[in-house]
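So you can see what is in the structure, the chains are spelled out below.
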Amino acid sequence: MPVHPIEYRYFHPEMREIFTEERKLQRWLDVEAALARAHAAVGNIPKEAAEEIERKANVAHVSVERVKEIEKRTRHDVMAMVEALTEACEGEAKKYVHLGATSYDIVDTALALQLRSALEVLEEDLRELMRVLLDLAEEHRETVCIGRTHGQHALPTTYGMKFALWASDVARHVERLREVKKRALVGKMSGAVGTMASFGEKGFEIQRLTMKFLGLSPVPIASQVVQRDRHAEVQCLLALIAGTLEKMAKEIRNLQRTEIAEVFEPFARGQVGSSTMPHKRNPHRCERICGLARVVRALVHPALETIALEHERDLTNSSVERITIPEGFILTDYMLRQMIGVLRGLEFNYENIRRNLEMTLGLCLTERVMMELVKRGMGRQEAHEKLRRLAQRCWREGRSLKSVLLEDEEVMNLASEEELDEWLDPRNYLGTAVEQVERVVRSLREAPP
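Residues numbered from 1 in each chain as written. Predicted model: local features only at pLDDT ≥ 70, side-chain atom pairs only at ≥ 80, totals over all residues. Heavy atoms only, no water.

> Whenever I open this one, the environment of proline 220 confuses me. Can you help?
Its place among the elements puts proline 220 in the loop between strand 4 (217-218) and helix 10 (229-255). Under the relative-accessibility criterion, proline 220 is labelled exposed at 70%. Here the alpha-carbon distance between proline 220 and phenylalanine 204, two residues 16 residues apart in the chain, equals 9.7 Å. (Helix = DSSP H or I, 4+ residues; strand = E, 2+ residues; numbered from the N terminus. Buried < 20%, exposed > 50% of the residue type's maximum accessible area, 1.4 Å probe, protein only.)

> So what exactly am I meant to see when it comes to the environment of valine 374 here?
The topology assignment puts valine 374 in helix 15 (residues 366-375). Those residues within four positions of valine 374 in sequence are excluded, and the remaining contacts are Gly379, Arg380 and Ala383. (Contact = heavy atoms within 4.5 Å.)

> What's the story with helix 4 (residues 47-56) in this structure? I'm lost.
Side chains of residues three or four places apart in an α-helix project in the same direction, reflecting 3.6 residues per turn. Those residues of helix 4 that sit buried are Ala49, Ala50, Glu52, Ile53 and Lys56. One side of helix 4 carries all its buried residues, which in axial view fall inside an arc of 160 degrees. Looking at helix 4, the residues exposed on the side facing more than 90 degrees away from the buried face are Lys47 and Glu48. Among the structural elements, helix 3 (21-41) and helix 6 (77-88) are those in contact with the buried residues of helix 4. (Arc of directions from axis to C-beta.)

> Which parts of the structure should I look at to understand the pattern of salt bridges?
Side-chain pairs of opposite charge can arise where the charged atoms are in close proximity. Overall, the coordinates contain 54 salt bridges when judged by the stated rule. A salt bridge links arginine 445 to aspartate 135; the nearest nitrogen and oxygen atoms lie 2.4 Å apart. Taken together, the residues arginine 445 in helix 20 (residues 433-446) and aspartate 135 in helix 7 (residues 103-139) connect sequence positions 310 residues apart. Overall, arginine 445 belongs to the partly exposed group, its relative accessible area being 37%. (Salt bridge = Lys/Arg side-chain N within 4 Å of Asp/Glu carboxyl O.)

> Could you clarify how one ought to interpret the packing of helix 7 against helix 20 in this entry?
In a pair of packed helices, the angle between the axes and the distance between the axes together describe the arrangement. Where helix 7 meets helix 20, the closest approach of the two axes is 10 Å, and the angle between their N-to-C directions is 145 degrees. Considering the relative orientation of helix 7 and helix 20, their crossing is left-handed. Within the contact between the two elements, helix 7 uses Met130, Leu134, Asp135, Ala137 and Glu138 and helix 20 uses Val437, Val440, Val441, Leu444 and Arg445. Tallied by class, residues from the contact of helix 7 with helix 20 come to seven nonpolar, no polar and three charged. (Axes fitted to C-alpha atoms, helices over the stretch in contact; angles between N-to-C directions. Left-handed = near helix turned anticlockwise from the far one by under 90°. Nonpolar A, V, L, I, M, F, W, Y, C, P; charged D, E, K, R; others polar.)

> Just checking my understanding: could you explain the pairing of strand 1 (residues 144-149) for this structure?
Regular strands place side chains that alternate from one sheet face to the opposite one. The pairing of strand 1 with strand 2 (residues 152-158) spans five bridges and is antiparallel. Of the residues in strand 2, the one forming a bridge with valine 144 is threonine 158. What sits between the antiparallel neighbours strand 1 and strand 2 is a turn of two residues, in which histidine 150 has the positive phi angle 60 degrees. (Pairing = 2+ DSSP bridges.)

> I'm lost on the side chain of threonine 324 in this one. Help?
Along the chain, threonine 324 falls in helix 13 (residues 316-344). At a separation of 3.4 Å, a polar atom in the side chain of threonine 324 contacts the side chain of glutamine 235. (Polar contact = N/O pair within 3.5 Å; in protein donor to acceptor, adjacent residues only side chain to side chain.)

> Would you take a moment to explain the state of the cysteines for this structure?
Disulfides are covalent bonds that link the sulfur atoms of two cysteine residues. Counted according to the given criterion, the structure contains zero disulfides. With no disulfide of its own, cysteine 290 lies 6.8 Å from the sulfur of cysteine 286, the closest cysteine sulfur. (Disulfide = S-S within 2.5 Å.)

> Is there a simple way to think about the packing of aromatic side chains in this case?
Under the counting rule described, the total for this entry stands at seven aromatic pairs. Note on phenylalanine 19 and phenylalanine 329: the rings are 5.8 Å apart at their centroids and 25 degrees apart in plane angle, and the pair reads as stacked. One end of the pair, phenylalanine 19, is in the loop between helix 2 (13-18) and helix 3; the other, phenylalanine 329, is in helix 13, with 310 residues separating them in the sequence. Each member of the pair, phenylalanine 19 as well as phenylalanine 329, is classed as buried. Where tyrosine 159 meets phenylalanine 348, the ring centres are 5.5 Å apart and the plane angle is 85 degrees; that geometry is what we call edge-to-face. Of this pair, tyrosine 159 sits in helix 8 (residues 159-184) while phenylalanine 348 is found in strand 6 (residues 347-348), placing the two residues 189 residues apart along the sequence. Both residues of the pair, tyrosine 159 and phenylalanine 348, count as buried. Ring pairing ties together the aromatic residues Tyr159, Phe163, Trp166, Phe348 and Tyr350, which thus form one cluster. A cation sits over an aromatic face here: arginine 37 above phenylalanine 213, 3.8 Å from the ring centre. The ring of tyrosine 159 has lysine 162 lying over it, and the distance from NZ or CZ to the ring centre is 5.7 Å. (Phe/Tyr/Trp six-rings, centres within 6.5 Å; stacked < 30°, edge-to-face > 60°. Lys NZ or Arg CZ within 6 Å of the ring centre and 35° of its normal.)

Listed below in structure tokens is the structure:
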């Protein structure tokens, strides 16, 4: 029975399948087949032997169950696979399985194949999330709302700005992912300490051909393992993506607060928010994303610790990576898909958006008034101080900014009531917000990363 939630709760089948025991075993066998093919290409083994190894290097002939059975005796998972593949082969091919290789020639190269598949899934997730955000940014480029800094009402902005900002964040993750591929999708075939001694003078060619057959790049140099800064960088990428997802989820959670109530994550018919409070509509998906983001970030530390292996290597990375790599990818993929679903079904309460925009009775436009007074000859610091004092009066007396401005002789000598109305309309103080959104949408649609 499953124990870890990534097995039964927090997963999507496509990503989870990449890290199953059977798929991992198949990747090991893929590397063994490519190695045999490379040996045959340089004349080290008969072509027929390589073809036999290739035919049998699949889980139809080498099962997870058989490998585990052998591992009970060998206490070595790779050697168990090698023995199972050897017994599956016929004739002289048996003599050439795993020829010249050390365990991590197979493990690290196979891991690169897994990473390639996992990164491809993540890249499509990110691109779909970006597309959804761009659609929302375009749709809401003129949906005016109050901007908040330090948890307080600041200046007017638009929901389009929020979505375009997030789309830009996601676009950078796509760029990072493509860069990570260059450093993470590498393999090695260089023996126990990286010298290629077991492959003789044909070592470079065997490594080059093996990687060519697998569609990977060969490392320029290695110890017994591919160096772990490459894998730590992948974990850092996952953590960065998780951080952006948490940022988005936290914003939606806050905007769904009863006191704000501007946007809501989708709530299905029949969905229950609380076991005791029937009225509750909790942002559970966004809360789950925020929680899981903590887990993904926490995986970075052990990944960084695996960089400093002793001498040509020790085994401290192995147990860590069996957990951190599958967990990081499965959870990040799950969170991305959850956020895509939230955004596709996001609900807006436009009345509350308007109410919150007007809540401070014009005080969110003090900057606009200050700038206009400066244009009419008042000093910037003088205007700032005047608006600060008038704002304090508004708070004390519970009055609108316009009513207080109308009573200020100095202000009214510089402006008319009609001009005050124009200055205090939030739609008239958006700066380049709409244009910025349109530029981001156009740029990311015409030339996506």
